[in-house]
Every structure is written in structure tokens, then in C-alpha cells.
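Here's the letter readout for the chains.
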Amino acid sequence: MAVKSRIVKGFISLPYNWSMGPTTTRFYEEFKNKRIMGTRCEKCNRVLIPARSFCSGCFVETTNWVQVSDEGTIRTWVLINFSYEGQPMAPPYITGIIDLDGADVGLPHFVGGVELDDLETVAKKVRIGGRVKAVWKENREGHILDIDYFKPIN
Amino acid sequence: MAQAVAIVGTGQTECGRRTDVSYPELVYEAVSRAFDDAGLVPDDIEAVVAGSMPPAMEGVNNPHLYWADAMGAGGKPLIRTATCGSTGISLAHTGFYHVASGMFDLVLVVGAEKMYEGDPQGTMATVADPFFQRPFLAGAPGIFSLQSNEWAHRYGIEEKRVRMAAAQLSVRNHDDALLNPYAHIRIKITVDDVLNSRIIAYPVRLLDVCPASDGACAVIMASERMAKKLGRPTAWIKGVGYCGEQAFFSEGDKVVWQSAINAAKSAYSQAGITNPRKDLDLAEVYNPFTFQEMLFYECFGFCDFGHGCDLVEQGVVMRGGDLPCDPSGGTLCTNPIGATGLQRVSEVVLHVTEKAGDRQIPGAKTGLAHAMGGLDQFNGIMIISSVL
Ligand SMILES: [Zn+2]
């Protein structure tokens, strides 16, 4: 006799306590004052953001803190129009890589302030190379989402 | 000096929504077929290599323990290799290292995934670190679309042109999948169907994106001595290349993509390939997204940078073309991720041993198998040939 396989529903939800380490902790403390901080590597001279305790390329400690701008250019972007578990907001929305002035590493974040009424025409409204500025939340708690999104300027 | 390594057997399952079997039963199906193909039994195997996506995919942490019996792994060394999308090619490389080292004469390599049992995009979103990148790197479609947009912009490829080339690739993959009995998505589609399908992650549309699949794949590797003793149809691993990048997605250049370029370069140099367009008879390029496949052509030296679309427009990468790519229907039509890279390897093996059935590229002697993984962080390549 052919037996149809039975499907059993399950769920795993596990709590975690993630240590940020002192460098990331300070990086987000500075967010409360609307400051984006990086660390400069003495060896390759790159300004790494978010601030790191060691260089990803040179494998040396980076302790020289520098402030970078909260304005920059869009390196690339994508319109997200699908759903998944744990998603930060309801689609559609735009994320991008922002090259902040003064930083040598891009920052992934949301690009907002763009009308999303017609998805087919969105490419005419967001532009690679376009200038953007951080829109900070009123209440900042030291989190990547203290920046609401990056807004196209001029 | 590494010893020569042969592939003497492959086994693939039918892919799709495989609720008819449990996870180990799915693995058993692929492994049994590999043993049948090689004319071997589990007792012949000396070591086992297995892998899959991050275990949150199926909700069984360290699934290779759960699969052990399905691989006949009792009483043998068993090692897990997992690098996200590139898991399958990493598995193949790990198996290669086992045999090339001279430690083992026969090694079983297994990759599997049951993506319908969990939340694939939710799982992949948790691959990103929890402090910085996680909210923004929206699973695979998000990452690959960021890359595709940057690529098209870098070379000033008109939106209309790149979308058309992507659509032609989608049609090619879907046509070829109809010839592959193991493929998941088996539908006849047109260029207009692709162009008019729903935007998933601009510029990527529904028919530019791979499915989530259940499926498994197994490969048996042998030393030269053992392969000659077995005296069966044999494919030879001529070169392997693998390269990783920094952890932060936005740190490196994803257009002139060093990990892909370096992986190809080292595999080519080992295999003595100087002109991939001429020296390769086929390539199984990991193509979960149509747009990204064209970027790989450039990184693998199939054409100059910025000219990926040309190869589609000129038919070079189509069945019957100069360098047919993904004659299996590719990852675009079948993607049980932990098995996918190993399927690329298996498919090339089938072609060079003239066992590819309806999808056979006539006279194929040498092929390239590839997979990409991490958060756009890893690329791996294997060159496989009919001659030692
Ligand atoms: Zn450095």
C-alpha cells in the first residue's frame, strides 16, 4: 500500500546574547549624536566603516577613530518586492550600498523618500551615483536603524 | 605533489517539492544511484564528505549526523563542509583534497537540501551579521540584484538590452531543463513571459530567479590506481580553484569580481587552459539569477569585461554554440542549494563520459563546474575532463 508522507509542523525560536565588542559599542554610541565613525588603518590608509578593531585587509589593529560624513553617493541599489521571515519592513522598499564621503567601505542601508507607486518606473527615480543624506530618527538608541534611511538630495 | 583524482560515479535525485521522502531518505536516493553508477557498495568507501546550507534551513543542526546512515558513513571518517551557495563545489574540493593527498582511494561526497521544509530567504538573511548588514541584505535576490545593477551601470549597458539578454538566458535554461530528468522547473516559456513577469528585486523578475528545491546529489571520487582498477567510465579532475573575500559585503568590487577571477585563474593554470572559450566544451556556471551569469562570463574570461551580453546575443553560450553554458537547465531551474554545486560537477562528468542522455553536448571532452556562495563572498571552480 502506498503511504502518503505525513508532514509534522515544527518551530525553533532560540534567544541569543550577542556581544558587540567595545568598538561596535562605541560606533553606536556615536550614532546617538548623529555621528558616523570609522577607523583608519595605519597600513593601507583606508577608513573602514563601521569602525573596526582590526583591518580586514592588513590584519593589524585599527585604533585611529575618524568621523565620516552622513552624506554620500549611491554605489548600487535594489528594489525589494518579495517577503521573507524576519524582514525589517513590508515590501516594496529600496536598499542600497552608500559610499559615504570620507569612507573607503560602503554602507548597506535603506534608500527612502522615493515614491514607489509604480515599480516599473522606479529606475528613473533612483540613480547610481546619485547623492543621498542620512535621515536620522528623533529617538536614537544606538542601532543601525537610528538612521531611518538615506534620502536623495538635489 | 597532489595525486590525480577521478570521478567514477554520480547520483542525482529528481528535484522539486519532495515531501514524499524524509531528509535522510532523499540523501539515500542520491547515494544509492551513485553506488549503482560506480558499481560499488558502501563498504568500498573509505571516507565521507557531506554538506548543506546553514542548518536553520531544515531545522536540524548538523544534518550530516542525521544523514550518516543514508550515506553508509558508519565506521568511517565523516566531515561537514558548508560555504552557503558554494557548498556543493566546496564539497567537491574537499573530496578532491582527501584523494589528492594520498590518504584515501575512494571517497563519497554528498550534498543535499530540503528547502520546502523551512524558510529559505529567512535562513539566508541570518547569514549576515546581526549588527550591521542583516536588515539590508535581503536574502539572495537582494544581494544579487545589488550586484547586477552595479554591473550594468559600470559598463553603461542599456536597461532594455540587459533585460532582453537575461530573458533569453531564462528561456535557454527552461528549454534545457525540459531535457534534464532531474530538473525542478519544467515549463516552456517565452522571452515575453520573462519580460512581463513580476519584479522580485529590481531588475530581477520572477523568471530571472531560481526556485527553492528539495534535492540531493552524490559523487564518488577515486585515486588513479583505484579508477584504473575499476575500469569504468571515468572523468578526471584537472584543476580546482577557490577564492574568498572579506566579510563585509560592500567592501570589495563585485563587478570586476576578484574571487571569481582568481578561482578561474588557478583552476585554468592547473588544467593547462589558456583560452577558455576554445579549451572548454561546456560550462556549468552557477546561475541562480540570469543577470549574474553574464557577469561570470566576464570574470571567467569567456569574453572581455562589459561584454557578457554579447555572448548571449551571438548564441555562443546556447546549446549548439561555441561554449554552451548550463545545458542542464542550470541552477535557474533547479536549486537544492547544498547539492547545487555538486550537481554542476555531476553534470560535467555526465557530458565528458557521454552519459548525459538527451542533454548531451556531442563530443564534449572538457568542462567547467562552478558555484558561488557566502554573501557574494566565495567562488569555486573545478575543471573536469575525459582524459587524465
Ligand atoms: Zn589596512
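Above this note sits the structure.
A brief report on the enclosed structure follows. Just so it is clear, the structure is predicted and the values come from calculations on it, not from any experiment. (Residues numbered from 1 in each chain as written. Chains lettered and ligands numbered in written order. Predicted model: local features only at pLDDT ≥ 70, side-chain atom pairs only at ≥ 80, totals over all residues. Heavy atoms only, no water.)

### Considerations on the sheet that holds strand β3 (residues 64–68) of chain A
Sheets are built from strands paired through backbone hydrogen bonds, the pairs being either parallel or antiparallel. Residues and elements named next belong to chain A. Put simply, the rule reads: When DSSP finds two or more bridges between a pair of strands, those strands are recorded as paired. Each helix corresponds to a stretch of at least 4 residues labelled H or I by DSSP, and each strand to a stretch of at least 2 residues labelled E; elements are numbered beginning at the N terminus. Here a residue-residue contact requires only that any non-hydrogen atoms of the pair lie within 4.5 Å. Fitted lines through C-alpha atoms serve as axes, helices being fitted only where they are in contact, and the angles separating the N-to-C directions of these axes extend from 0 to 180 degrees.
The sheet built from three strands is open, its strands ordered β2-β1-β3 with antiparallel pairing. Of all the strands in the sheet, just β2 (47–48) and β3 have a single pairing partner and so form its edges. As judged from the two bridges shared by strand β1 (residues 36–40) and β2, these two strands associate in the antiparallel manner. Each residue of the ladder has a partner; that of R40, found in β2, is V47. Against the sheet, helix α1 (residues 21–31) makes contact with β1 and β3, and its axis sits at roughly 145 degrees relative to β1, the strand it touches most.

### Description of the pairing of β1 of chain A
Residue and element names in this part refer to chain A. Let me state the cut-off plainly: Type-normalised accessible area, obtained with a 1.4 Å probe on protein chains alone, sets the label of each residue: buried when under 20%, exposed when over 50%, and partly exposed for intermediate values.
Counting buried residues along β1, four of its five residues qualify, which places the element largely inside the surrounding structure. Where β1 meets β3, five bridges bridge the pair, whose relative direction is antiparallel. When the sheet's bridge partners are listed, G38 is paired in β3 with V66. From the end of β1 to the start of β2, which pair antiparallel, there are six residues, and N45 there has a positive phi angle of about 70 degrees.

### Examining the pairing of strand β4 (residues 106–114) of chain B
Residue and element names in this part refer to chain B. The element β4 is largely enclosed, with a buried count of nine among its nine residues. A two-sided burial pattern is seen for β4, the buried positions comprising L106, L108, V110, A112 and K114 on one face and V107, V109, G111 and E113 on the other. As judged from the five bridges shared by strand β2 (residues 47–51) and β4, these two strands associate in the parallel manner. Its bridge partner lying in β4, A47 is registered against V107.

### Focus on unusual backbone geometry
Across the junction of P91 of chain A and P92 of chain A, the peptide omega takes the value 0 degrees, indicating a cis bond. Position of P92 of chain A among the secondary structure elements: in the loop between β4 (71–80) and β5 (93–100). Omega for the bond connecting Y202 of chain B with P203 of chain B falls within 30 degrees of zero, at 10 degrees, which places this linkage in the cis form. Mapped onto the elements of the fold, P203 of chain B is located in the loop between β5 (199–202) and β6 (204–205). A positive phi angle, near 60 degrees, is found at N62 of chain B, a position not held by glycine. Tracing the backbone shows N62 of chain B in the loop between β2 and α2 (63–67). Even without being glycine, D326 of chain B reaches a positive phi, approximately 50 degrees.

### Here we look at the coordination of the zinc ion
Reference values for angles at a metal are 109.5 degrees in the four-donor tetrahedral case and 90 or 180 degrees in the six-donor octahedral case. Residues and elements named next belong to chain A. Our working rule: Only nitrogen, oxygen and sulfur atoms within 2.8 Å of the metal, or 3.2 Å for Na, K and Ca, are treated as donors, and water is left out, so sites may look incomplete. The rule is simple: four donors are tetrahedral if all their angles sit between 85 and 135 degrees, four are square planar and six octahedral if opposite donors span more than 155 degrees and the others lie between 65 and 115, and anything that fits none of that is irregular.
Surrounding the zinc ion are the protein donor atoms C41 (SG), C44 (SG), C55 (SG) and C58 (SG), which sit 2.3 Å from the metal. One can describe the donor arrangement at the zinc ion as tetrahedral, given that its four donor atoms subtend angles of 104 to 114 degrees at the metal. Sequence positions of the donors to the zinc ion reduce to the motif C-x2-C-x10-C-x2-C. Here C41 is found in the loop between β1 and β2, whereas its partner C58 is found in the loop between β2 and β3, with 17 residues between them in sequence.

### What about the nonpolar core?
Residues and elements named next belong to chain B. Put simply, the rule is: Think of a nonpolar core as a cluster: buried Ala, Val, Leu, Ile, Met, Phe, Trp, Tyr and Cys residues, connected wherever their side-chain atoms sit within 4.5 Å.
One finds M221, M294, Y297, F300 and F302 to be the most contacted residues of the largest nonpolar core, which totals 136 residues. Beyond its immediate sequence surroundings of up to four residues, Y297 is in contact with L169, R172, F302, C303, G308, L311, V312, V317 and C325. Listed in part, the 31 residues of the second largest apolar core include I45, V48, A112 and A222.

### Side note on helix α9 (residues 258–271) of chain B
All names here are of chain B. Put simply, the test is: Take the residue count of a helix, subtract one, and multiply by 1.5 Å to get its expected span.
Helix length check: α9, at 14 residues, gives a terminal C-alpha distance of 20 Å against a target of 20 Å (1.5 Å per residue), a fit within 8%. S259, A260, I261, A263, A264, A267 and Y268 are the residues of α9 that are buried. Where the residues of α9 are buried, they touch β8 (235–244), α10 (276–279), α11 (290–299), β10 (366–373) and β11 (378–385). Looking one or two residues beyond α9, the residue adopting positive phi is G272, at roughly 70 degrees.

### Topic: the side chain of S328 of chain B
All names here are of chain B. The cut-off we apply is this: The definition of a polar contact used here is a pair of N or O atoms within 3.5 Å, where within protein one atom must be able to donate a hydrogen and the other to accept one, and adjacent residues in sequence count solely through side-chain atom pairs.
Along the chain, the position of S328 falls in the loop between α12 (308–313) and α13 (330–333). At a separation of 2.9 Å, a polar atom in the side chain of S328 contacts the side chain of E284. When sequence neighbours within four positions are dropped, the list of residues in contact with S328 reads D176, A177, N180, E284, R344, E347 and R359.

### Quick notes on the pattern of salt bridges
All names here are of chain B. Condition: Salt bridges are defined by distance alone: a side-chain nitrogen of Lys or Arg within 4 Å of a carboxyl oxygen of Asp or Glu.
Tallied over the full model, the rule gives 32 salt bridges over all chains. The partner of E224 in a salt bridge is K228, with the nearest N and O atoms 2.7 Å apart. Here K228 and E224 lie together in helix α8 (residues 224–230), a separation of four residues that amounts to about one turn. Residue E224 is classed as partly exposed on the basis of its relative accessible area of 28%. A salt bridge links E347 to R359; the shortest N-O distance between them is 2.8 Å. In this pair, E347 is assigned in helix α14 (residues 337–352) and R359 in the loop between α14 and β10, connecting sequence segments twelve residues apart. The same class applies to E347 as to R359, namely buried.

### Here's the deal with the sheet that holds β2 of chain B
All names here are of chain B. Strand order in the open sheet formed by nine strands is β3-β2-β4-β7-β1-β8-β11-β10-β9, and the pairing between neighbours is mixed. Here the strands that pair on one side only, and so sit at the sheet edges, are β3 (78–80) and β9 (282–284). Strand-to-strand twist in this sheet, taken as the mean axis angle between neighbours without regard to direction, amounts to 25 degrees. As paired elements, strand β1 (residues 5–12) and strand β7 (residues 214–223) share seven bridges and run antiparallel to each other. By the bridge assignment, V5 is partnered in β7 with S223. Contacting β8, β10 and β11, α9 crosses the sheet at an angle of about 150 degrees to β8.

It is worth stressing that arrangement in space is one thing and function is another; only the former is reported here.
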